[in-house]
Amino acid sequence: MIELAPILVTLKLASFTTFILLIIGTPLAWWLSNTGSKLKVAIESVVALPLVLPPTVLGFYLLLALSPDGFIGTVWSYISDTPLSFSFTGLVIGSVIYSMPFVVQPLQASFEMVGKPLQKAAYTLGATPYDTFKNIVLPLSARGFLVAITLGFAHTVGEFGVVLMVGGNIPEVTQVLSIVIYDHVEVLEYAQAHYYSIGLLVFSFVVLYITYSLNRKLMVRI
Amino acid sequence: MIQIKYKKQLNNFILNVDFSVPEKGISVLFGPSGSGKSSVLNLISGLDENEGDLIESKLILNNRVIDDSDNSICIKPWLRNMAYVFQDHRLFPHINTKENILFGYKRSNSDLSPEDLIEKFKIKDLLDHFPSQLSGGQKQRVAIVRALLSQPELLMLDEPLSALDYQSRQELLPYIECIHKELNIPVIYVSHDIKEVLRLADYIVVMDKGVVIDQGDISDLCITQPLLTQEEGASFILQGIISKIIKEDKLVEVDCGEKILITAENMQLKQKIRILIHAREVSLCLSKPEDSSILNCIPVLIDELQADRNGTLRVMAKMGGQIVVLLISHRSADQLKVKKGKRMYAQFKATAIIK
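What you see is a predicted model, and the numbers here were worked out from it, not measured in a lab.

Calculation criteria
Residues numbered from 1 in each chain as written. Chains lettered and ligands numbered in written order. Predicted model: local features only at pLDDT ≥ 70, side-chain atom pairs only at ≥ 80, totals over all residues. Heavy atoms only, no water. Contact = heavy atoms within 4.5 Å. Buried area = accessible area lost by both parts, 1.4 Å probe. Salt bridge = Lys/Arg side-chain N within 4 Å of Asp/Glu carboxyl O. Helix = DSSP H or I, 4+ residues; strand = E, 2+ residues; numbered from the N terminus. Nonpolar A, V, L, I, M, F, W, Y, C, P; charged D, E, K, R; others polar. Pairing = 2+ DSSP bridges. Phe/Tyr/Trp six-rings, centres within 6.5 Å; stacked < 30°, edge-to-face > 60°. Buried < 20%, exposed > 50% of the residue type's maximum accessible area, 1.4 Å probe, protein only. Lys NZ or Arg CZ within 6 Å of the ring centre and 35° of its normal. Axes fitted to C-alpha atoms, helices over the stretch in contact; angles between N-to-C directions. Expected span 1.5 Å × (residues − 1). Domains from an automatic or database assignment.

### Things to note about the interface of chain A and chain B
1) Next: Taken together, the contact between chain A and chain B spans 18 residues of the former and 19 residues of the latter.
2) Next: Between chain A and chain B the total buried area reaches about 1700 Å² when both faces are included, carbon and sulfur atoms providing 70% of it.
3) Next: A per-residue breakdown of the area chain A buries against chain B is headed by Lys120, Thr124 and Leu125 of chain A, which together make up 38% of the total.
4) Next: In this structure, the salt-bridge partner of Glu49 of chain B is Lys120 of chain A, at a minimum N-O distance of 2.9 Å.
5) Next: Taken together, the elements giving at least two residues each to the side of chain A that touches chain B come down to helix 5 (88-124) and helix 6 (129-140) of chain A.
6) Next: It is helix 5 of chain A that provides the largest number of residues to the side of chain A that touches chain B, a total of eight residues.
7) Next: Residue composition of the side of chain A that touches chain B, grouped by class: eleven nonpolar, four polar and three charged.

Here it is, written out as structure tokens:
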């Protein structure tokens, strides 16, 4: 039997993550594409870290950070009484960090493709930087946003290591598809594992097909 | 006058300019490639990056202080009310011509009529086109209209013709000439093309290696400024009033003290014009030839002889209150006994650049 709860948790997690990443990632990508700061390369490297780190490493440090004594956990305790570890919120925080490059990099690339010359032209015509961003950069980066949204969403759906470390596999709260598949395989329920796996396989292929056909140049690069 | 003063460390030299240009007409920043002309435009427009390398700045336009390093004034580019036409058109690719030309208009207090400029620049048929559907010349024309419609206090053009082929340049030049005739705004035009400069400039600022080496009215500089005369030789400017229009021959008679004939169309009687004539196209004779195909032969009084390059003599002659310049060989000068105070005839064809 296919259970609906893990699918819903997965979709909810991916939606929250993508949404938050757009809010954080857009200004970050804008800054990266415009700055001449020496910090740029360092920040770019930090953003790209999840691409090369084993998810378990990230998950391990997140677990420490999210714990009540950890950095994020301590800050969180001022906002809410509920603990972060093994919660859906904790999972969202982990996913945001883990999927960050998949949103920031396509956005940065598309902002860079719009380029400074057009921005400067807009300035000379009386447009403020915000006006320029809204009316010139954003419309010209529409594809970049589409790529960022699909990749950010799909990558969160396909996440395993980090959620395993910080999620705690609690049904209907933090139990996502990839973990359900793992559980089924462990108890040799291959049929159920197949249902979910085929579904994810097809979903991922379709997403990648759409993104690649939109624009290769905006793909994630390490 | 627009007061412009900048000192800035560039990659391989220090840009150090301090000059003024008139508040009307086309002022050309002229000089070889890499002399810092475009850097000056970037500084004036406020688009310059690497502000850290700026040592000194002062820009005053219409009594408004725009840059002043002494008082830490540096107005943001979008508040300067200056328009800029770039070498590359920089039209916004996602909106059509109409939206492009209205971009600056909507963000200004412009009281210009878009319809009027659309008409004058003949872009009515292009309004629905996107930039990718326009030719190079059309893009630049749209870019000029877009800049003008924001009703800037200063218009800057950075070699707007350099990316175009010969045909498109010839087509676009009259439009650039009509900018300051239609709208009474000062224009700063950057160019390293002498033909363009002679045709367009009212005032010239000559730059080399980051400094201003000469500046003045075109009528003064086109005679002797070495950088201006190196390619086409010296030229001179005559001012006059159109006294007769000979439509069938596409000629106009211009009264410059003496009456001369010039090839021109679309002119009006009594119109004041300035014409630029290349000195090499003028010859000198002792008497008025009766059997020449050359239309203009005017009496002149030899005023001064100067050595020019390549062993030629530059002869300055007076015609009424105006100066005619011509280039002759030493040999001809000897044969005709050209000397100061001698009355002679200057002969030249009807071709001239009308300014």
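Next comes the rest of the write-up.
### A word on the sheet that holds strand 13 (residues 251-255) of chain B
Residue and element names in this part refer to chain B.
1) Next: With antiparallel pairing, the five strands of this open sheet are ordered in space as 14-13-12-15-21. Two strands bound the open sheet, and with one partner strand each, they are strand 14 (259-263) and strand 21 (353-354).
2) Next: With five bridges connecting them, strand 12 (residues 235-246) and strand 13 associate as antiparallel partners. Bridge pairing in strand 13 places Lys244 opposite Glu253.

### Considerations on the packing of aromatic side chains
All names here are of chain A.
1) Next: This structure, assessed with the given rule, holds 13 aromatic pairs over all chains.
2) Next: Ring geometry for Phe16 against Phe88: centres 5.7 Å apart, planes inclined by 90°, an arrangement best described as edge-to-face. In this pair, Phe16 sits in helix 1 (residues 5-34) while Phe88 sits in helix 5, placing the two residues 72 residues apart along the sequence.
3) Next: Taking the relative accessible area as the measure of exposure, Phe16 reaches 43% and is therefore partly exposed.
4) Next: Put simply, the rings of Trp30, Phe111, Phe133 and Phe145 touch in pairs and so form one group of aromatic residues.
5) Next: One cation-aromatic arrangement involves Lys12 over Phe88; the distance from NZ or CZ to the ring centre is 4.3 Å.

### Some words on the sheet that holds strand 19 (residues 322-329) of chain B
All names here are of chain B.
1) Next: Strand order in the open sheet formed by five strands is 16-20-17-18-19, and the pairing between neighbours is antiparallel. Pairing within the sheet leaves two strands with one partner each, and these edge strands are strand 16 (282-285) and strand 19. Averaged over all pairs of adjacent strands, the angle between their axes in this sheet comes to 45°, without regard to strand direction.
2) Next: Note: strand 17 (residues 296-307) against strand 20 (residues 343-348), six bridges, orientation antiparallel. Note on strand 20: the bridge partner recorded for Ile298 is Ala346.

### Some remarks on helix 10 (residues 190-214) of chain A
Residue and element names in this part refer to chain A.
1) Next: The terminal C-alpha atoms of helix 10, which comprises 25 residues, lie 35 Å apart, in line with the 36 Å expected from a rise of 1.5 Å per residue.
2) Next: Taken together, the buried positions of helix 10 are occupied by Gln192, Ala193, Tyr196, Leu200, Val207 and Thr211.
3) Next: Of the surrounding secondary structure, the elements contacted by the buried residues of helix 10 are helix 7 (142-157) and helix 9 (177-186).

### Thoughts on the environment of Ile95 of chain B
All names here are of chain B.
1) Next: Examined against the element boundaries, Ile95 turns out to sit in the loop between strand 7 (82-85) and helix 2 (97-106).
2) Next: By relative accessible area, Ile95 is classed as buried at 12%.
3) Next: For the pair Ile95 and Asp128, spaced 33 residues apart in sequence, the C-alpha separation works out to 9.1 Å.
4) Next: Apart from the residues lying within four places of it in its own chain, the contact partners of Ile95 are Asn100, Phe130 and Pro131.

### Things to note about the domain arrangement of chain B
Residues and elements named next belong to chain B.
1) Next: Structurally, chain B comprises domain 1 (2-229) and domain 2 (235-348).
2) Next: Placing the centre of domain 1 and that of domain 2 at their C-alpha centroids yields a distance of 33 Å.
3) Next: Facing eleven residues of domain 1, the contacting portion of domain 2 comprises eleven residues.
4) Next: With both sides pooled, the region where domain 1 packs onto domain 2 buries about 800 Å², and carbon together with sulfur makes up 58% of that total.

### Digging into unusual backbone geometry
1) Next: Even without glycine at this site, Phe86 of chain A takes up a positive phi of about 60°.
2) Next: As for its placement among the helices and strands, Phe86 of chain A is situated in the loop between helix 4 (71-79) and helix 5.
3) Next: The exposure class of Phe86 of chain A is partly exposed, given its relative accessible area of 42%.
4) Next: Despite not being glycine, Lys122 of chain B shows a phi value in the positive range, around 50°.

### Let's talk about the pattern of salt bridges
Residue and element names in this part refer to chain B.
1) Next: Taken as a whole and assessed by the stated rule, the structure comprises 18 salt bridges over all chains.
2) Next: Residue Glu153 pairs with Arg64 through a salt bridge whose shortest N-O separation is 3.3 Å. Linking Glu153 in the loop between helix 4 (136-149) and strand 8 (154-158) with Arg64 in strand 5 (residues 64-68), this pair joins segments that are 89 residues apart in sequence.
3) Next: On the basis of relative accessibility, which here comes to 21%, the residue Glu153 falls in the partly exposed class.
4) Next: Arg199 is the salt-bridge partner of Glu177, the closest N and O atoms lying 3.0 Å from each other.

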